[in-house]
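Per-entry structural report
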Amino acid sequence: MTPNFKNGLTLAAIAFAATSALSTTAFARDQIRAVGSSTVYPFTTAVAEHFGKASGKTPVVESTGTGGGLKLFCAGIGEATPDIANASRPMKKAEFEDCQKNGVTDIVEIKFGLDGIVIAHSKSSPDFSLQQEELFLALAKEIHDENLKFIPNPHKVWQDIDPLLPATKIEVLGPPPTSGTRDAFLELIMEKGAKGFGALRELKDADEKNGTKDYEKVWKSLREDGAYIDAGENDNLIVQKLEGNPDAVGIFGFSFLEENKSKIKSVQVGGVEATYEDIANGKYPGSRALFIYVKKAHVALIPGMKEFLAEYVSDKTIGEDGYLVGKGMISMPKEDIEKAAKAAAELTPMAAPEK
């Protein structure tokens, strides 16, 4: 037997083994699996239930937080890894690179709706309004003093920041570092609040000039002295704690406010109420987009993937009168819904994020 013939047989054997492995993977799991954002969890769960009634196989949906979900999603290709990642923020460059490194090379990004980062408290609490700058002064780990030196945050009660605010202890229940809600809160509220101070704008300019990240560290670092409390990924638990403590405020997605409006109410941010209309039109400072990320390689392997995605982006699901709107999602403009439907149908892989 010639060496070339032997090599040919070896390559054929490898190809057959690979094909057999893919074939096994295709039928080893017959349920779609989605992981990720606690904010997106109820939306994907609702789609899964509708899909399951029609197909007989309800997808498995797990709430792990956006960061935790994308870590699982990017671990590799195959039945042991999720097919879909729910995200309440865009995928980061580092996460995309992690996916590529582990063979998850064709990722489809689908923006399906809008949401708002809500600051809320108990129905029994007095009404008050906060500016982004005030939230920064309340929650930043370090702030600058009158000599423009950074010091540990000294503010104990809201009135330390502004005499018109309540004389109650600063106690904010919020999401953990793995949460997309926390990432969005930092970018939409804390960073915008930091920009309201001349000293921090100068620090930002210095970073851009010198290639440093001192400004980013300031707005991304939350207090660890009890003023900010990591309440985990269970937003319903935050709602329960707010009911029991009228002095505390919580941070979560708009859908949880809608679901619990008999128990809690929103705090105005920048003079704007967290309403469906003002999140949809972008007036509310905490408006954000919601996403699902799909492994294109799994669409052909896991039964029902194409049909599930078609259900997710249909007008009856995410349109103005869609059933996800009834769950608290904010519907997108018509052209964005059409883009979502096109992304789900064509499965065009996303480009690498810039940051």
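Scroll up a little and you will see the structure.
Keep in mind that what you see is a predicted model, and the values were worked out from it rather than measured.

**Considerations on the pattern of salt bridges**
Following the criterion strictly, the structure yields 15 salt bridges and no others. As a salt-bridge pair, D225 and R223 come within 2.9 Å of each other at their nearest N and O atoms. According to the relative accessible area criterion, D225 is partly exposed, its value standing at 47%. For R223, a relative accessible area of 4% corresponds to the buried category.

**Considerations on the packing of helix α2 (residues 41-55) against helix α13 (residues 305-312)**
Where α2 meets α13, the closest approach of the two axes is 10 Å, and the angle between their N-to-C directions is 120°. Here α2 is positioned oblique relative to α13, judged by the angle of their axes. Handedness of the crossing formed by α2 with α13: right-handed. Taken together, the residues of α13 that come into contact with α2 (itself represented by F43, T44, V47, A48, H50 and F51) are E307, F308, E311 and Y312.

**Here we look at the side chain of Q132**
With respect to the helices and strands, Q132 occurs in helix α5 (residues 132-139). Filtering out sequence-adjacent residues up to four positions away, Q132 remains in contact with L188, I189, K192, G193, V269 and P285.

**Thoughts on α5**
The buried fraction of α5 amounts to 7 of the 8 residues, a majority that puts the element mostly inside the structure. When we look at burial in α5, the residues that qualify are Q132, E134, L135, F136, L137, A138 and L139.

Quick notes on the rules
In this convention, every chain numbers its residues from 1, walking through the sequence in written order. Given that the model is predicted, a residue must reach a pLDDT of at least 70 before its local features are reported, and side-chain atom pairs must reach 80 or more before they are shown or counted; all residues, however, enter totals for whole chains, interfaces and linings. To get the side-chain values, take all heavy atoms of the structure and skip hydrogens and water. We define a salt bridge as a contact between a side-chain nitrogen of Lys or Arg and a carboxyl oxygen of Asp or Glu at a distance within 4 Å. Only protein chains enter the calculation, and the probe is 1.4 Å; a residue is then buried if its accessible area is under 20% of its type maximum, exposed if over 50%, and partly exposed in between. Orientation is described by lines fitted to C-alpha atoms, with helices fitted over the stretch in contact, and by angles between N-to-C directions that extend from 0 to 180 degrees. We count a stretch as a helix when DSSP gives it H or I for four or more residues in a row; a strand needs E for two or more, and each element gets its number in order from the N terminus. Here is the rule for angles: anything less than 35 degrees is roughly parallel, anything more than 145 is roughly antiparallel, 65 through 115 is roughly perpendicular, and the remaining ranges are oblique. For a crossing to be left-handed, the near helix must be turned anticlockwise from the far one by less than a right angle; the clockwise case is right-handed. Whether two residues are in contact is decided by their heavy atoms: any pair within 4.5 Å suffices.

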